[in-house]
Amino acid sequence: MRLIPVALGALIAASFVSAPAVANTDQLVANICDYVKSDDKNRLRKKLKESRVKLRNIYTGVSCDGSSLLRTAYNSNANDVGEYIAKRLGADDLQVPEADGQTILDWANANGHGSSAITAAIKDRIGG
């Protein structure tokens, strides 16, 4: 009989703990997207460091208005941030097809970003 109140108490405590964590994650993603769109590399680096998050570990899980961070950088002409992101990701991460089946390099070339500084950084990173 004592297990029911203890289990219920643990369930209630867990629900209070997880709500702020989700809010913090949503705010972190919003900040990251804002910094990418505004080409603010210094604030992006600071936010990642404060949050103790590595870009390589979160890249695939973060999207800004349905686009990856690199596509967002391309679309916002955020060359400094785009180069920074490309240099922080592994070559394998840069060659994984995104939701539409294209790699970031294929997408960039198909959308007129072939001569971008971001594309050059990606090519340097993957050795192409």
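Scope of this entry: the structure provided in the associated data block. These numbers come from a predicted model, not from an experiment. (Residues numbered from 1 in each chain as written. Predicted model: local features only at pLDDT ≥ 70, side-chain atom pairs only at ≥ 80, totals over all residues. Heavy atoms only, no water.)

In this structure, Lys 47 sits in helix α2 (residues 41–50). A C-alpha to C-alpha distance of 9.2 Å links Lys 47 and Tyr 35, two positions 12 residues apart in sequence. (Helix = DSSP H or I, 4+ residues; strand = E, 2+ residues; numbered from the N terminus.)

Quick look at the layout of surface pockets now. When its volume is computed, the largest pocket comes out at roughly 300 Å³. As for the largest pocket, its lining consists of 17 residues, of which Tyr 59, Thr 60, Ser 68, Glu 98 and Ala 99 are closest to the centre. Of all elements in the fold, only α4 (69–75) and α6 (91–94) reach the threshold of two or more residues within the lining of the largest pocket. A class-by-class count of the residues in the lining of the largest pocket yields 8 nonpolar, 5 polar and 4 charged. Roughly 230 Å³ of internal volume is contained in the second largest pocket. Arg 45, Lys 46, Leu 48, Lys 49, Arg 52, Val 53, Lys 54, Leu 55, Arg 56, Tyr 84 and Arg 88 together form the lining of the second largest pocket. (1 Å grid on protein atoms, 1.4 Å probe; cavity = no way out; pocket = protein on both sides within 12 Å on 5 of 7 lines; lining within 4 Å. Points joined across faces, edges and corners; volume = space filled by probe spheres on them. Nonpolar A, V, L, I, M, F, W, Y, C, P; charged D, E, K, R; others polar.)

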